[in-house]
Amino acid sequence: MRRKLTAMLIGLGLVAAACSSDSGNGGTAQPEPGVTTTIPQVATLRFATIAPGERNLTPWTQGSGYPGYYMMTLVYDTLVWLDPDGRPEPWLAREYSSDPSGLRWTVRLHEGVTFHDGRPLTSADVKFTVEYLQANPRPRWVLTNIERVETPDATTAVFVLREPKASFVLNPLADMPIIPQHVWSAITNPLDEVTMLPVGSGPYRMVEYVEGQVHRFQANPDYFKGRPIVDEIVMPIIGNNQAAFTAVQSGDADAVSVSITPELRAQFNQGGLKTAGGSGYRGWYLYMNTGRAPFERPEFRQAMAAAVDSNDIVQTALLGAGATGSPGFVHRSVPWSNPATREGPLDLNRARTLLDGLGFRDTNNDGVREMDGSPLEFELLVRSNDPVAVRAAEILSQSVARVGVKLNVAALDQATAGNRTWPDYQIGQSRGDYTIALFSWAAAVQQDPDFLRSLFHSNPSVGTLNRSGYRNPQYDELADQQTRAVDEATRNRLLAQMQEVLARDMPAYPIFYPDDIFPYRESTFDRWVYYKGVGILNKASLLAPR
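Just so you know, these numbers come straight off a predicted model, no measurement behind them.

Notes on the overall build of the protein
Turning to step 1, where the next piece is worked out: Scanning the protein for helices and strands turns up 16 helices and 20 strands.
Turning to step 2, where the next piece is worked out: For 546 residues, the compact-globule formula gives about 24 Å, and the C-alpha radius of gyration of the protein, at 23 Å, lands near that figure.
Turning to step 3, where the next piece is worked out: Projected onto the principal axes, the alpha-carbon positions of the protein cover approximately 75 × 60 × 45 Å.
Turning to step 4, where the next piece is worked out: Taking all 546 residues of the protein together, 58% fall into the buried category.
Turning to step 5, where the next piece is worked out: For the protein, contacts bridging at least 24 residues in sequence account for 71% of all contacts bridging at least 6.
Turning to step 6, where the next piece is worked out: Per element, the accessible surface of the protein, about 20500 Å² overall, is 47% carbon and sulfur.
Turning to step 7, where the next piece is worked out: Side-chain charges in the protein split into 50 positive and 59 negative, and the spacing between the mean points of these groups amounts to 3 Å.

Dropping the structure here:
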């Protein structure tokens, strides 16, 4: 059964595809079978990060995307982990399997695994983690489908589901951090724990956190998968991308969490510097608040999408180093993307026809159409700390101006922009304080097809990531059916239909996916492993191959 399920997951595209290493990168060469390699130990690695929002890296205070989630998983382990190609492999679990119904999943843990304080990690911690997350949910881990966790012995946990979940291996098994019961059982409000140093079982202990300044990690010498090859990792929090890139060039940092822009690639491949990366899955999406006029009307959203020249954005803002978005939301290189929904709808005449049909016309000849006497003029939110995104927003506003819609680009700091579009990352029905925004999602939403359900389902307890407030009963039904489908062909068919609905309704229009180009100093550390579509900071970079 396990082999069957793994094959099904691969068939659904959970193995990322079409990602390539950057030219001259420091990818880790895997040893030939039977050949023993000696890997030099690195004393200290300085890895600069940008966003202050990562805080102290508990499951309730980390930033969820890259690098935040991957920083957190240096401290915490998951039961299953994805390899750099996106394939699930047992991690804390030595094996896992499902019964034929897909309702009972049995996970058998490695013996002898301990938390950083020396206490053993057992099935009781797995059960506690599930129950604690059910009581204190985060958008990434909504575990309402788990009826209970049985613990017949210290190394066996049996998950009993209310209904089958095709992506159960990916989330929660390969995504949910296991927390120690003896620490968290005394904590009643995890959102308030913003200064504690987290205790996990992962390859690194976080030994220092200064808000807005630094995270410091020390290797866990007793890690059950071997001692990490870097003894200490210092992660200074640097205010902006350019300062971080300068730090790498000057030698004040050895690597950085953000990607350089394509025109800098040659500059960062000389003088002891290299780059690593590939085709990124972190996308930028045009989010339209369906709770505000005229964006509640699909025809208006379709007109906006038809007026956007995504290819111009990729060629101009990214110098061609990226991919255009697909109307069906799924990255075109993901195998389960629907070919019929991959090409953008750029068609200015169609955009004008749709706007005419809605009665939005330019009656005073100022170049901007009116709706009920008011101009079609809106604020376009974007984060100011990403120059490519800001440039893309400017091009996008020029694109839609050609059909008589005016967008005023508002480049805000990351915290303000984030809080406007997704207040406090709260689960609920709030559509946020915005009308239209250029919004970024981490690569994870392209790795697990069940994210399509979380992103657009009408029920807030299911559509936990539904930031546009999209409502469509047909889509909800398709999303519910696909998550229960254990037959690969059936699920792929349902996923294809979901993408067709999204391409028609346009609650969020994918604009582009930049290539990842991460600079680093090769003299300090030259073993970076690029997680396809994601980044270079991960366990695979820091653990010796086994």
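Continuing now.
Focus on the sheet that holds strand β5 (residues 104-109)
Turning to step 1, where the next piece is worked out: Spatial strand order, β4-β5-β7-β6: four strands in an open sheet with antiparallel pairing. A strand with exactly one partner marks an edge of an open sheet, and here the two such strands are β4 (93-98) and β6 (146-153). Strand-to-strand, the axes of this sheet are offset by a mean angle of 20°, without reference to chain direction.
Turning to step 2, where the next piece is worked out: As paired strands, β5 and strand β7 (residues 156-161) are joined by five bridges and run antiparallel to one another. Looking at β7, one finds that T106 is bridged to V158.
Turning to step 3, where the next piece is worked out: Along the sheet, helix α3 (residues 123-135) makes contact with β5, β6 and β7, crossing β6 at roughly 165°.

Regarding the packing of helix α7 (residues 298-307) against helix α9 (residues 348-357)
Turning to step 1, where the next piece is worked out: For the pair α7 and α9, interaxial distance at closest approach is 8 Å and the crossing angle is 155°. Taken together, α7 and α9 sit at an angle that is classed as roughly antiparallel. In this structure, α7 crosses over α9, and the sense of that crossing is left-handed. Here E299, F300, Q302, A303, A306 and A307 of α7 come into contact with α9, specifically with L348, R350, A351, L354 and L355.

Brief notes about the nonpolar core
Turning to step 1, where the next piece is worked out: Of all hydrophobic cores here, the largest spans 109 residues; its most connected members are L79, F159, W184, Y287, F329 and W441.
Turning to step 2, where the next piece is worked out: For this core, the leading source of residues is helix α2 (residues 68-75), giving six residues.
Turning to step 3, where the next piece is worked out: Those residues within four positions of F159 in sequence are excluded, and the remaining contacts are L79, L103, R104, W105, V107, V126, V130, I146, R148, V149, F168 and L173.
Turning to step 4, where the next piece is worked out: Formed by 42 residues, the second largest nonpolar core is a distinct cluster that contains F360, V390, A392 and I436.

Some thoughts on the side chain of T156
Turning to step 1, where the next piece is worked out: With respect to the helices, strands and loops of the structure, T156 is situated in strand β7.
Turning to step 2, where the next piece is worked out: What makes T156 buried here is its relative accessible area of 3%.
Turning to step 3, where the next piece is worked out: In this structure the side chain of T156 is engaged in a polar contact, spanning 2.9 Å, whose partner is the side chain of D153.
Turning to step 4, where the next piece is worked out: Contact partners of T156, with chain neighbours within four places excluded, come to T106, V107, R108, S123, E150 and T151.

What to know about the packing of aromatic side chains
Turning to step 1, where the next piece is worked out: If you walk through the whole model with that rule in mind, you get 30 aromatic pairs.
Turning to step 2, where the next piece is worked out: Pairing Y66 with F518 gives two aromatic rings, centres 5.7 Å apart and planes at 55°, and the pair type is tilted. Within this pair, whereas Y66 is found in the loop between β1 (42-48) and α2, its partner F518 is found in strand β20 (residues 508-521), the two being separated by 452 residues in sequence.
Turning to step 3, where the next piece is worked out: Note on F518: relative accessible area 2%, which makes it buried.
Turning to step 4, where the next piece is worked out: On the basis of an interplanar angle of 35° and a centroid distance of 5.4 Å, the ring pair of W105 and F168 is categorised as tilted. One end of the pair, W105, is in strand β5; the other, F168, is in the loop between β7 and α4 (169-173), with 63 residues separating them in the sequence.

Quick word on helix α15 (residues 488-505)
Turning to step 1, where the next piece is worked out: With 18 residues, α15 extends 26 Å between its outermost C-alpha atoms, agreeing within 8% with the 26 Å of an ideal straight helix rising 1.5 Å per residue.
Turning to step 2, where the next piece is worked out: R491, L494, L495, M498, Q499, V501, L502 and D505 are the residues of α15 that are buried. All buried residues of α15 project into a common sector of 160° when viewed along the axis, lining one side.

Some thoughts on the packing of helix α14 (residues 473-484) against α15
Turning to step 1, where the next piece is worked out: In contact at an axis separation of 9 Å, α14 and α15 are set at 155° when each is read in the N-to-C sense. The angle between the axes of α14 and α15 places the two elements in the roughly antiparallel class. Relative to α15, the crossing made by α14 is left-handed. Contacts between α14 and α15 pair Q474, Y475, L478, A479, Q481 and Q482 from the former with R491, L494, L495, Q497, M498, V501, L502 and R504 from the latter.
Turning to step 2, where the next piece is worked out: Residue classes in the contact of α14 with α15 are distributed as eight nonpolar, four polar and two charged.

About the criteria used
- Residues numbered from 1 in each chain as written.
- Predicted model: local features only at pLDDT ≥ 70, side-chain atom pairs only at ≥ 80, totals over all residues.
- Heavy atoms only, no water.
- Helix = DSSP H or I, 4+ residues; strand = E, 2+ residues; numbered from the N terminus.
- Rg over C-alpha atoms; globule rule 2.2 N^0.38 Å.
- Buried < 20%, exposed > 50% of the residue type's maximum accessible area, 1.4 Å probe, protein only.
- Contact = heavy atoms within 4.5 Å.
- Areas by Shrake-Rupley, 256 points an atom, 1.4 Å probe, with all protein chains shown as cover.
- Lys, Arg positive; Asp, Glu negative; His and termini not counted.
- Charge placed at Lys NZ, Arg CZ, Asp CG, Glu CD.
- Pairing = 2+ DSSP bridges.
- Axes fitted to C-alpha atoms, helices over the stretch in contact; angles between N-to-C directions.
- Parallel < 35°, antiparallel > 145°, perpendicular 65-115°, else oblique.
- Left-handed = near helix turned anticlockwise from the far one by under 90°.
- Core = buried A, V, L, I, M, F, W, Y, C linked by side-chain atoms within 4.5 Å.
- Polar contact = N/O pair within 3.5 Å; in protein donor to acceptor, adjacent residues only side chain to side chain.
- Phe/Tyr/Trp six-rings, centres within 6.5 Å; stacked < 30°, edge-to-face > 60°.
- Expected span 1.5 Å × (residues − 1).
- Arc of directions from axis to C-beta.
- Nonpolar A, V, L, I, M, F, W, Y, C, P; charged D, E, K, R; others polar.

By themselves, these are just geometric observations and shouldn't be taken as functional.
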